[in-house]
Amino acid sequence: MPPKLPEGKYCELPQRGVKLYYEIQGPLRREYQGAKEEVLFLLMGSVADLRKTTDQQFVNAGVGVFKVFAFDHRNTGRSTIKDEPCTMEDYADDAAALLEAVFPDRLPIFVMGVSFGAMVAQHMALRHPKLIKRLVLCCGPSGGPGGSAYPIQEWYEPSFSMEERVLRRMAQANSSRDAAWKERCKSEFEMVHTLLMRDEKVGLDEPLRQQGIHRQLEARRGHDTWARLPELKMDTLVCGSPQDDITPVSLLEKLADRIGCERKLDFEGGHAFAAADAKCLPFINEWLRRPDRMEKSTETSNGHSVIWKVVGGADKGGIIVRS
């Protein structure tokens, strides 16, 4: 019997002028259900489509421990496609409006962006910080002075065939996939190649599909959060892989330094490490849930509220405050 496909829904967002397709799955493991259930808002990459196997893999990696809330950005998948200019701010505002519409009583929640989704998540965190409890940015640079990801829009020019695009994506996304790998791991090459070719054909003949791709990549080209990144106040984790030649870890080091946040940049698997490295989601799950940043509010004698942030001592049962 084939696996049951997830049931998706559409959310009309008249204030944004779009209808977005989304899916909610998990958590599958009992210890993360009930009182311990946490929603993970997953923002997907460029040209992502929840009908594609390679994109569902990111969802599948997290459904064991999270209620994963994933959606197709405007101009992708089953969401509204408009052949008109849009910006990264539009994508961020779409995501915020969808989150407020679907989970109004669960905010703020955990947010994780992958590739283009990590770029959108940066804009969302700057424009709608109250919606985000903690933020994970996977393989999405800052743009601007912090550097930009590889210009994948080149792969969608008329001069590129689908076959050429897939071969370039395979090599650029994972530097270990060189000529020697192709010869040494022929069956793995064929599997990855077949999978990507099949995903390339999803929705190919649907109205405005190519226009939607170009509008999204046009917005991606204009991504730049560098100047405002120091404004981010929520706990943030930057993740990457040394095999990633689409978003090299050198760009992610700059991103993490600019934010002043934690980073883990040694995952395996290249650009798709969040799905490919079995250690990634368990690490992110532990980081998101850890209690060492609990906050406590007190009130001074003059009536002003003061926030004390606990940043250590959890392993010893508490801390001593001397001043």
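Residues numbered from 1 in each chain as written. Predicted model: local features only at pLDDT ≥ 70, side-chain atom pairs only at ≥ 80, totals over all residues. Heavy atoms only, no water.

The name recorded for the chain in an unreviewed UniProt entry is Serine aminopeptidase S33 domain-containing protein, from Durusdinium trenchii.

Student: Any chance you could explain the overall build of the chain here in plain terms?
Tutor: Secondary structure summary: the chain contains 10 helices and 10 strands in total. Counting the 323 residues in the chain, one finds 50% classified as buried. Contacts spanning at least 24 positions in sequence make up 73% of the contacts within the chain whose residues lie at least 6 apart. Roughly 16000 Å² of accessible area belongs to the chain as shown, and the carbon and sulfur atoms make up 52% of that amount. (Helix = DSSP H or I, 4+ residues; strand = E, 2+ residues; numbered from the N terminus. Buried < 20%, exposed > 50% of the residue type's maximum accessible area, 1.4 Å probe, protein only. Contact = heavy atoms within 4.5 Å. Areas by Shrake-Rupley, 256 points an atom, 1.4 Å probe, with all protein chains shown as cover.)

Student: I keep staring at helix α4 (residues 162-173) and nothing clicks. Help me out?
Tutor: In an α-helix, one turn spans 3.6 residues; hence positions three or four apart end up facing the same way. Taking 1.5 Å per residue as the helical rise, α4 with its 12 residues ought to reach 16 Å, and the 16 Å between its terminal C-alpha atoms agrees with that figure. Turning to α4, its buried residues are Met162, Arg165, Val166, Met170, Gln172 and Ala173. Considering only its buried residues, α4 is in contact with α5 (179-184) and α6 (186-200). (Expected span 1.5 Å × (residues − 1).)

Student: For this particular structure, what's the right way to read helix α2 (residues 88-102)?
Tutor: Look at α2: 21 Å from first C-alpha to last across 15 residues, which is about the 21 Å you get at 1.5 Å a residue. Every buried residue of α2 is accounted for by Met88, Tyr91, Ala92, Asp93, Asp94, Ala95, Ala96, Ala97, Leu98, Leu99 and Val102.

Student: Please clarify how the sheet that holds strand β7 (residues 235-239) should be interpreted in this entry.
Tutor: The pairing of strands in a sheet comes from backbone hydrogen bonds and takes either a parallel or an antiparallel form. Across the sheet, which stays open at both edges, the 8 strands sit in the order β1-β2-β4-β3-β5-β6-β7-β8 with mixed pairing between neighbours. Each having just a single partner strand, β1 (8-13) and β8 (262-264) make up the two edges of the open sheet. Going from strand to strand, the sheet's axes swing by 25° on average, the running direction of each strand aside. Here strand β6 (residues 132-138) runs beside β7; their pairing, made up of 5 bridges, is parallel. Paired with arginine 134 across the strands is aspartate 235, a residue of β7. Across the sheet, helix α10 (residues 280-289) is in contact with β3 (39-43), β5 (109-114), β6, β7 and β8; its angle to β6 comes to roughly 150°. (Pairing = 2+ DSSP bridges. Axes fitted to C-alpha atoms, helices over the stretch in contact; angles between N-to-C directions.)

Student: Quick question: what am I supposed to make of the pattern of salt bridges here?
Tutor: Once the charged atoms of two side chains with opposite charge are near each other, the side chains can pair. Overall, the coordinates contain 22 salt bridges when judged by the stated rule. Here arginine 51 and aspartate 49 are joined by a salt bridge, their closest N and O atoms 2.9 Å apart. A salt bridge links arginine 263 to glutamate 253; the nearest nitrogen and oxygen atoms lie 2.9 Å apart. With arginine 263 in strand β8 and glutamate 253 in helix α8 (residues 249-259), this pair connects stretches of sequence that are 10 residues apart. Counted as one network, the salt bridges with shared partners bring together Arg16, Arg74, Asp90 and Asp94. (Salt bridge = Lys/Arg side-chain N within 4 Å of Asp/Glu carboxyl O.)

Student: What exactly am I supposed to notice about the packing of aromatic side chains here?
Tutor: To describe a pair of aromatic rings, you give the distance between the ring centres and the angle between the ring planes. In the structure shown here, the tally under the stated rule is 11 aromatic pairs. Centroid distance phenylalanine 66 to phenylalanine 110: 6.4 Å. Interplanar angle 85°. Geometry classified as edge-to-face. One end of the pair, phenylalanine 66, is in the loop between α1 (53-62) and β4 (67-71); the other, phenylalanine 110, is in strand β5, and 44 residues separate them in sequence. Per residue, the accessibility class of phenylalanine 66 equals that of phenylalanine 110, and both read buried. Taking 5.4 Å as the distance between ring centres and 0° as the angle between the ring planes, the aromatic pair formed by phenylalanine 267 and phenylalanine 273 counts as stacked. Phenylalanine 273 matches phenylalanine 267 in its accessibility class, with the two residues each being buried. Through a chain of ring-to-ring contacts, the aromatic side chains of Tyr22, Phe41, Phe69, Phe71 and Phe103 assemble into a single cluster. Between arginine 78 and the ring centre of tyrosine 21, over which it is positioned, the NZ or CZ distance is 3.9 Å. Sitting over the face of the ring of tryptophan 287, arginine 134 holds its NZ or CZ atom 5.9 Å from the ring centroid. (Phe/Tyr/Trp six-rings, centres within 6.5 Å; stacked < 30°, edge-to-face > 60°. Lys NZ or Arg CZ within 6 Å of the ring centre and 35° of its normal.)

Student: In this structure, what is going on with the confidence of the model for the chain? I would like to understand it.
Tutor: Low pLDDT means the predicted atomic positions in that stretch should not be read closely. Averaged over the chain, the pLDDT score is 92; the fraction of residues at 70 or greater is 89%. pLDDT under 50 marks residues 294-307. Its contacts with residues more than four places away, or in other chains, come to 18 contacts. (pLDDT = per-residue confidence, 0-100.)

Student: In this structure, what is going on with the nonpolar core? I would like to understand it.
Tutor: Inside soluble globular proteins, nonpolar side chains tend to come together where they are buried. Residues Phe41, Phe69 and Leu98 are the most contacted members of the largest nonpolar core, which totals 56 residues. In terms of residue count, the dominant contributor to this core is α2 (9 residues). Ala70, Ala274, Cys280 and Ile284 belong to the second-largest nonpolar core, a separate cluster that totals 30 residues. (Core = buried A, V, L, I, M, F, W, Y, C linked by side-chain atoms within 4.5 Å.)

Student: Please clarify how the environment of glutamate 23 should be interpreted in this entry.
Tutor: Examined against the element boundaries, glutamate 23 turns out to sit in strand β2 (residues 18-25). Measuring from C-alpha to C-alpha, the distance between glutamate 23 and alanine 70 comes to 5.5 Å, with 47 residues separating the pair along the chain. Once residues lying within four places of it in the same chain are set aside, the contact partners of glutamate 23 are Pro6, Glu7, Gly8, Leu50, Gln56, Val68, Phe69, Ala70 and Arg78. Engagement of the side chain of glutamate 23 in a polar contact is seen with the side chain of glutamine 56, the distance being 2.9 Å. (Polar contact = N/O pair within 3.5 Å; in protein donor to acceptor, adjacent residues only side chain to side chain.)

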